[in-house]
Structures are given as structure tokens and as C-alpha cells.
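Residue-level structural notes
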Amino acid sequence: PENSKVLIYNIARYLCEISIMVSYLFIESKPSVVAVASLLYAIEYSDTAPELHDVYEAFMENISQATNICTDDSDVQEVYTILKRECPTISMDEFEVDELCDEMSDFGIGNASPSCVSKAA
């Protein structure tokens, strides 16, 4: 489960970062909507949804209550569809989970990403 969280976090972060290259997402979509859609895609892509279904449901409910963004909202689904179209496959080589876990513990969560060109010191 810890590796699953790391993988989902990094895939979602990657999707959020590359979303700025899609003009519609960058200009028309709220960052919070892109973040929620990225999480949805990351959870689906990481293939951990079956084992963490209850956790997923509770997490999405918490997101909905905290942000007023429902995963079924048309804007979230539209961004989700765009992300799936623009990133139909993600190279899992970019997401070496053990390496990412080490980076996150060495530097603190959030300092390194597969799409970063430099690492924080």
C-alpha cells in the first residue's frame, strides 16, 4: 500500500505538470479540477483501485467535501478524458517506486518528480 500511494502520487503529479502543455487544460481548466482528474487517472493507471476500493471511495468523498469538486462533475470528466487522450500510456520506467520512495524520504515529499529536470537540494 505505501508503494501504491507513492506511485499514485507521482503519476498524478506528473499528469498535473504535463497538463500545462495542453493549452485547453492550462487556460480553461481550474488547477483543482486538473488535480482531481489527474488523481483519478493515476489511480486507474496504477491498477491499485481493486485492492484499495474502500480507501479510494473514502478519499474521493473527502476530496468532494473539502473542495466541492465531485469526481462525476462534467468538468472533471472532461479533463480526465483529455488526460487519457493526451497521455494514453505512461512509461512505468519513469516511476521506479523504490527509487521514488528513497527520494521522498531523502528530500521530503514533493521535491522530485519524473518530469523535473533538476532535483532540490
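Cut-offs applied
- Residues numbered from 1 in each chain as written.
- Predicted model: local features only at pLDDT ≥ 70, side-chain atom pairs only at ≥ 80, totals over all residues.
- Heavy atoms only, no water.
- Helix = DSSP H or I, 4+ residues; strand = E, 2+ residues; numbered from the N terminus.
- Buried < 20%, exposed > 50% of the residue type's maximum accessible area, 1.4 Å probe, protein only.
- Contact = heavy atoms within 4.5 Å.
- Areas by Shrake-Rupley, 256 points an atom, 1.4 Å probe, with all protein chains shown as cover.
- Axes fitted to C-alpha atoms, helices over the stretch in contact; angles between N-to-C directions.
- Parallel < 35°, antiparallel > 145°, perpendicular 65-115°, else oblique.
- Left-handed = near helix turned anticlockwise from the far one by under 90°.
- Nonpolar A, V, L, I, M, F, W, Y, C, P; charged D, E, K, R; others polar.
- Expected span 1.5 Å × (residues − 1).
- Phe/Tyr/Trp six-rings, centres within 6.5 Å; stacked < 30°, edge-to-face > 60°.
- Core = buried A, V, L, I, M, F, W, Y, C linked by side-chain atoms within 4.5 Å.
- Patch = residues over 30% accessible without salt bridge, like charges linked within 9 Å, V, L, I, M, F, W, Y side chains within 5 Å.
- Salt bridge = Lys/Arg side-chain N within 4 Å of Asp/Glu carboxyl O.

**What about the overall build of the protein?**
The number of helices and strands found in the protein is 6 helices and 0 strands. Overall, the protein shows an N-to-C arrangement of helices and strands of α-α-α-α-α-α. By the burial criterion, 38% of the 121 residues in the protein qualify as buried. Considering only contacts in the protein between residues 6 or more positions apart, those separated by 24 or more positions represent 78%. When the accessible surface of the protein is split by element, carbon and sulfur atoms take 53% of a total near 7,300 Å².

**Looking at unusual backbone geometry**
Backbone geometry at Asn 68 places phi at a positive 65°, although glycine is not the residue there. Inspection of the secondary structure puts Asn 68 in the loop between helix 4 (53-67) and helix 5 (74-86).

**Section: the packing of helix 3 (residues 31-46) against helix 5**
It is at 8 Å that the axes of helix 3 and helix 5 come closest, and there the two elements cross at 55°. Our classification of the angle between helix 3 and helix 5 gives oblique. For the element pair helix 3 and helix 5, the recorded crossing hand is right-handed. Note on element contacts: helix 5 touches helix 3 through Asp 75, Val 76, Gln 77, Val 79, Tyr 80, Leu 83 and Lys 84, opposite Val 33, Val 34, Val 36, Ala 37, Ser 38, Leu 40, Tyr 41 and Glu 44. By residue class, the composition of the contact of helix 3 with helix 5 is 10 nonpolar, 2 polar and 3 charged.

**Things to note about the packing of helix 3 against helix 4**
Across the interface, helix 3 lies against helix 4 with an axial gap of 12 Å and an inter-helix angle of 175°. Between helix 3 and helix 4, the crossing angle belongs to the class labelled roughly antiparallel. Contacts between helix 3 and helix 4 involve Val 36, Leu 39, Leu 40 and Ile 43 from the former and Tyr 56, Phe 59, Met 60 and Ile 63 from the latter. Here the residues of the contact of helix 3 with helix 4 are counted per class, giving 8 nonpolar, no polar and no charged.

**Quick look at helix 4**
Look at helix 4: 21 Å from first C-alpha to last across 15 residues, which is about the 21 Å you get at 1.5 Å a residue. Just past helix 4, the residue Asn 68 takes up positive phi, approximately 65°.

**Concerning the side chain of Ser 38**
Note on placement: Ser 38 falls in helix 3. Beyond its immediate chain neighbours, meaning those up to four positions away, Ser 38 contacts Ala 12, Leu 15, Cys 16 and Leu 83.

**What to know about the packing of aromatic side chains**
To describe a pair of aromatic rings, one takes the distance between the centres and the angle between the planes. As enumerated under the stated definition, the model contains 1 aromatic pair in all. A centroid spacing of 6.1 Å and a plane angle of 85° characterise the contact between Tyr 41 and Tyr 80, whose relative ring orientation is edge-to-face. Separated by 39 residues along the polypeptide, Tyr 41 in helix 3 and Tyr 80 in helix 5 bring together distant segments of the chain. For the residue pair Tyr 41 and Tyr 80, the accessibility class agrees, reading buried in each case.

**A short note on the nonpolar core**
Judged by nonpolar contacts, the single largest core of 28 residues is most densely connected at Leu 15, Tyr 41, Val 76, Val 79 and Leu 83. Of all the secondary-structure elements, those providing two or more residues to this core are helix 1 (2-18), helix 3, helix 4 and helix 5. Examining the composition of this core, we find that 9 residues originate from one element, helix 3, more than from any other. If we skip the residues at most four places from it in the chain, Val 76 touches Val 33, Val 36, Ala 37, Leu 40, Ile 69, Cys 70 and Thr 71.

**Topic: a nonpolar patch on the surface**
Taken together, the side chains of Ile 20, Met 21, Phe 26 and Ile 27 make up a nonpolar region of the molecular surface, amounting to roughly 500 Å² of accessible area. You can call Ile 20 exposed: its relative accessible area is 52%.

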